Amino acid sequence: MIYPPTTPEPQGHHLTTQILNYQLTHGMHLKHIPLNPRLPRNSPVGSSYPISTSIFPTPFPKTLFYYAKQTLQPIYNELYALLAQDESWLYEAVIRPLLPVDAFARTLWEIHERLTNEGEQEGGGYGSNISMGLFRSDYMLHGENAGLQLKQVEFNTIACAGGCHANKAVDMHRYLTKTGVYDSLSGASDDEVKRDSPIKLSSLPVNDNIDALAESLAVAHDMYGRPAATRRAGVLFIVQPDNFNVADELPIEYALWDRDVPVPTYRVEWGVDVLERTCLGGDRELLFYPHLQGDGSDGGKRQPVEISVVYLRAGLEAHEYDSTGIECRVRLEQSRAIKCPSSLGHILTFKKVQQALMGPGVLERFLHSEEKVSAVRDTFMSMYPMDGVSTEGRVGRRLATNPDTAGRYILKPSLEGGGHNIYGEDIPGFLLGLTSESEWGRYVLMERIRSPIVGNVLISREGVEESDVISELGVFGLCIWKKGEILRNEAVGWSLKTKFADVDEMSVVKGFGCFDTPLLV
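In this text the structure is predicted, and so the values were computed from the model without any measurement. Throughout, a residue's number is its position along its own chain's written sequence, starting from 1. Predicted model: local features are reported for residues with pLDDT of at least 70 only, side-chain atom pairs are reported and counted for 80 or more only, and whole-chain, interface and lining totals are derived from all residues. The basis for every side-chain value is the complete set of non-hydrogen atoms in the structure, without hydrogens or water.

Draft legend 1. Just the overall build of the chain, in detail. Numbering of helices and strands runs from the N terminus; a helix is a DSSP stretch of H or I covering at least four residues, while a strand is a stretch of E covering at least two. Within the chain one finds 17 helices and 21 strands. Two things to know: the radius of gyration comes from C-alpha atoms, and the globule rule equals 2.2 Å times the number of residues to the power 0.38. A globule of 521 residues ought to have a C-alpha radius of gyration of about 24 Å, and the chain, at 24 Å, matches this closely. In terms of principal-axis extent, the alpha carbons of the chain reach across some 75 × 60 × 50 Å. Burial classes: relative accessible area under 20% of the type maximum marks a residue as buried, over 50% as exposed, and values in between as partly exposed (1.4 Å probe, protein chains only). Counting only residues that meet the buried cut, the chain has 55% of its 521 residues in that class. Contacts between residues were defined by any pair of non-hydrogen atoms, one from each residue, lying within 4.5 Å. Once local pairs closer than 6 in sequence are excluded, the contacts in the chain between residues at least 24 apart make up 73%. Placing the 50 positive and 67 negative side-chain charges of the chain at their respective mean positions leaves the two points 3 Å apart. For the charge count, each Lys or Arg is scored as positive and each Asp or Glu as negative, with His and the chain ends excluded. We put the charge of a Lys on NZ, of an Arg on CZ, of an Asp on CG and of a Glu on CD.

Right, here's the structure in full:
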């Protein structure tokens, strides 16, 4: 199969125009946040730009696509729900090695300890015994031809983004296929095109992330139970100020409001806005005062909403945890609203967890099935701590500092959002440039996944470019649990992101990759 199809003019121009028009009319944009200090923060002046996408869907093995969704994701959901319930393992394997060197890990654990200590007093501590995860497990293909395997890049437990953009990218590629735009790139007759075109609608899987993610939050909302007789209950999105990625959040809110039985949904900015707009009720309800109900100067007549589910699309970055951010997180955790995720669930997103799971007997401790253990273990690439104390840590340091071996690895901190990793030959110099070798312990060393290269054409703010590309499949999972019992466990969606083969990072919103659709082969 010759791929991608050729795009001679004027057909190529027509195709890119179709894509840009589709993006404009379907909200496939990122919001431009101006840095003009003369504009008020809430100025109505605004602009946006199209998010990067592929021109054509990218070939991807059909069997591995469905294996990731149907087999792997429920197992990973179960595993991480069980990890969140084992505080002793989490402390010994993950937190204790990070406490001296990772300020973010220390802050999150101090929040957990504060809540735990308050829990010994009446009316203190964690407010809910139900936890929720909207996870995303990311994979890349590794190997060649018939020997291809799925290898896990990372497992995300907080603010897992991309679901709405991915949904719309798939809808776009399916629309272009239905309308015959791709067929027009060939000079063959109509019958030959329909028979020979490599892009067929049956090979492009449907994506319903928006409805599925909304349904996930609605399920948790129903589990919360009935609010006080005089109130209504609703879901609260906690979002970052000056949010450029609103098009990946708001469609989920709209879908919740559009249900046959609407789920009231609101958004509030992390930090001061949370503290000013919420309070705890007498039964530890999280009471939220919607913005359009005034500023509280009406003598306290406003009717608050009782929050059933707190969905965090903020609070994932270290800089958010100043004293105000800490109090914001504590208040949320003290309430009896279901958190997505809880503090312990948040800590599980650390790359150190991914590395610690590779220890002898760890998977067997949590997954009491040889088949499940084998399925998870088969997704692992080699990973090493960088502590310099353990045997594995000393091996990691030797590999990372040797120019002859460093090229095969990636150095990863426990940070989200892309742009934080150190790659290959840059690793030795980066490590030597740190103030102290003790800082090395903040990182883990991961063997690079060697993905097969295919061709495609990507469109971004930089223009349209054809090149070799590699892709990353993300699978969204819903898991709701309480101590000793998993209440809900299923895969709820997926995304495909693609980047040029010579680019290291994948974050689309930071300009490294694009959203895509798998052409299942």
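Back to the write-up after that little detour.
Draft legend 2. View of the pairing of strand β7 (residues 233-239). Of all seven residues in β7, seven are buried, a share of seventy percent or more. Both faces of β7 are covered, namely the face carrying A233, V235, F237 and V239 and the face carrying G234, L236 and I238. Two strands qualify as a pair provided that DSSP identifies no fewer than 2 bridges between them. Across six bridges, β7 lies against strand β11 (residues 305-312) in parallel orientation. Bridge pairing in β11 places A233 opposite E306. The sheet contact formed by β7 and strand β8 (residues 265-269) spans five bridges and is parallel. Bridge assignment links F237 to a residue of β8, and that residue is R267. Remark: the β7/helix α8 (residues 250-257)/β8 crossover connection has right-handed handedness. Handedness of a crossover: with both strands directed away from the viewer, a clockwise path from the first strand across the helix to the second marks it as right-handed.

Draft legend 3. Main features of the confidence of the model for the chain. What pLDDT reports is the predictor's confidence in each residue, on a scale of 0 through 100. Per-residue confidence for the chain averages 92 on the pLDDT scale, and 93% of its residues sit at or above 70. Contacts of residues 294-300 to residues separated by more than four positions or lying in other chains number five contacts, the stretch itself having pLDDT below 50.

Draft legend 4. Quick look at the pattern of salt bridges. The working definition used for a salt bridge is a side-chain nitrogen of Lys or Arg within 4 Å of a carboxyl oxygen of Asp or Glu. In the structure shown here, the tally under the stated rule is 23 salt bridges. Here E364 and R377 are joined by a salt bridge, their closest N and O atoms 3.2 Å apart. In this pair, E364 sits in helix α13 (residues 362-366) while R377 sits in helix α14 (residues 370-377), placing the two residues 13 residues apart along the sequence. Exposure remark for R377: the relative accessible area of 34% places this residue in the partly exposed category. Here E472 and K497 are joined by a salt bridge, their closest N and O atoms 3.8 Å apart. Of this pair, E472 sits in strand β18 (residues 463-482) while K497 sits in strand β19 (residues 485-500); the two residues are 25 residues apart in sequence, bridging distant segments of the chain. Neither residue differs from the other here; E472 and K497 are each classed as buried. When salt bridges that share partners are traced, they join R231, D283, E285, E306 and R336 into one network.

Draft legend 5. Just the packing of helix α5 (residues 163-178) against helix α7 (residues 209-224), in detail. Axes here mean lines fitted to C-alpha atoms, for a helix over just the part in contact, with angles spanning 0 to 180 degrees between N-to-C directions. Where α5 meets α7, the closest approach of the two axes is 8 Å, and the angle between their N-to-C directions is 150 degrees. Classed by the angle they form, the pair α5 and α7 counts as roughly antiparallel. On α7, the residues that touch G163, C164, A166, N167 and K168 of α5 are N209, I210 and L213. Residues belonging to the contact of α5 with α7 are distributed by class as follows: four nonpolar, three polar and one charged. Between 65 and 115 degrees an angle is taken as roughly perpendicular, under 35 as roughly parallel, over 145 as roughly antiparallel, and anywhere else as oblique. Under this grouping Gly is polar, as are all residues other than the nonpolar Ala, Val, Leu, Ile, Met, Phe, Trp, Tyr, Cys and Pro and the charged Asp, Glu, Lys and Arg.

Draft legend 6. Focus on a negative patch on the surface. A cluster of acidic side chains, namely E465, E466, D468 and D502, defines a negative patch on the protein surface. For E466, the location among the structural elements is in strand β18. Patch construction takes residues with relative accessible area above 30% that form no salt bridge. Like charges are linked within 9 Å, and nonpolar side chains (Val, Leu, Ile, Met, Phe, Trp, Tyr) are linked within 5 Å. The protein chains shown are the only cover counted for residues, whose accessible areas, like all others here, come from Shrake-Rupley with a 1.4 Å probe.

Draft legend 7. Structural view of the nonpolar core. In this structure, L79, Y80, W89, I238, V353 and L357 are the most contacted members of the largest nonpolar core, which totals 72 residues. With 11 residues, helix α2 (residues 62-84) is the single largest residue contributor to this core. The contact partners of W89, leaving out residues within four places of it in the chain, are L83, V94, V353, A356, L357, V362, R365 and F366. Grouped together as the second largest cluster of nonpolar side chains are 29 residues, M132, L213, I338 and L478 included. Take the buried Ala, Val, Leu, Ile, Met, Phe, Trp, Tyr and Cys residues and link them wherever side-chain atoms come within 4.5 Å; each set so joined is a nonpolar core.

Draft legend 8. Main features of the sheet that holds strand β14 (residues 409-413). If you walk across this open sheet you meet the four strands as β13-β16-β14-β15, and the pairing is antiparallel. Edge strands, defined here as strands with exactly one partner in the open sheet, are β13 (383-385) and β15 (422-423). Both β14 and strand β16 (residues 443-447) contribute to a ladder of five bridges, which runs antiparallel. Along β16, the bridge assignment pairs L411 with L445.

Draft legend 9. Examining the packing of aromatic side chains more closely. When the centres of two rings from Phe, Tyr and Trp lie within 6.5 Å, Trp using its six-membered ring, the rings pair. Their planes under 30 degrees apart give stacked, over 60 give edge-to-face, and anything left gives tilted. Enumeration over the complete set of coordinates arrives at 21 aromatic pairs. Charges are assigned to positions over rings by a cutoff of 6 Å between ring centre and Lys NZ or Arg CZ, combined with an angular limit of 35 degrees from the ring normal. Between R461 and the ring centre of Y49, over which it is positioned, the NZ or CZ distance is 3.9 Å.

Draft legend 10. Inspection of the environment of P10 at higher detail. Tracing the chain through its elements places P10 in the segment before α1 (11-25). Here P10 falls in the exposed class, since its relative accessible area comes to 60%. With 248 residues separating them in the primary sequence, P10 and D258 have C-alpha atoms 41 Å apart.

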